[in-house]
Amino acid sequence: MSTATATVMDTALLDEVVHWVKTLTAAGVSPDAAAKVTTKILLAANSEESDDFWCEGDEDLDDMDDEE
């Protein structure tokens, strides 16, 4: 990965963290707690194990589409 690509990814991730911390803070969550929750969610979403989580149940969603 080139330095420019890494910088763009780092900036995008930082923007996402700032967005969620501001959103949670506006909802009444303390800034420290908002930062911890946001970090945990983003780390979990980007972990290798999250692929199973995000893809699990896709068949169920397809079934629901057929019912409508």
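Residues numbered from 1 in each chain as written. Predicted model: local features only at pLDDT ≥ 70, side-chain atom pairs only at ≥ 80, totals over all residues. Heavy atoms only, no water.

Side note on the overall build of the protein
Scanning the protein from N- to C-terminus turns up four helices and zero strands. Tracing the protein from N to C terminus, the helices and strands come up as α-α-α-α. Burial status across the protein gives 7% buried among its 68 residues. (Helix = DSSP H or I, 4+ residues; strand = E, 2+ residues; numbered from the N terminus. Buried < 20%, exposed > 50% of the residue type's maximum accessible area, 1.4 Å probe, protein only.)

Observations concerning helix H2 (residues 31-45)
Under the 1.5 Å per step criterion, the end-to-end length of H2 is 21 Å for 15 residues, consistent within 8% with the ideal 21 Å. For H2, the complete set of buried residues consists of Ala34, Thr38 and Leu42. The buried residues of H2 all sit within an arc of 55° when viewed along its axis, so they share a single face. Turned more than 90 degrees from where H2 packs its buried face, Asp32, Lys36, Lys40 and Leu43 sit exposed. (Expected span 1.5 Å × (residues − 1). Arc of directions from axis to C-beta.)

Some points on the side chain of threonine 38
Residue position: threonine 38 is located in helix H2. Dropping the residues within four chain positions of it, threonine 38 is found in contact with Val17, Trp20, Val21 and Leu24. (Contact = heavy atoms within 4.5 Å.)

Digging into the environment of valine 21
Summarising the element assignment, valine 21 is placed in helix H1 (residues 3-26). When the C-alpha positions of valine 21 and aspartate 32 are compared, they lie 8.7 Å apart, and in sequence the two are 11 residues distant. Sequence-distant contacts of valine 21, that is, excluding residues within four places in its chain, are made with Pro31, Ala34, Ala35 and Thr38.

Comments concerning the environment of threonine 38
Threonine 38 sits in the buried class, given a relative accessible area of 3%. Along the backbone, threonine 38 and histidine 19 are 19 residues apart, and their C-alpha atoms lie at a distance of 9.5 Å.

Describing the confidence of the model for the protein
Mean pLDDT over the protein works out to 75, with 56% of the residues at or above the 70 mark. Within the protein, the lowest mean pLDDT, 52, falls on helix H4 (residues 58-67), and the highest, 88, falls on H2. (pLDDT = per-residue confidence, 0-100.)

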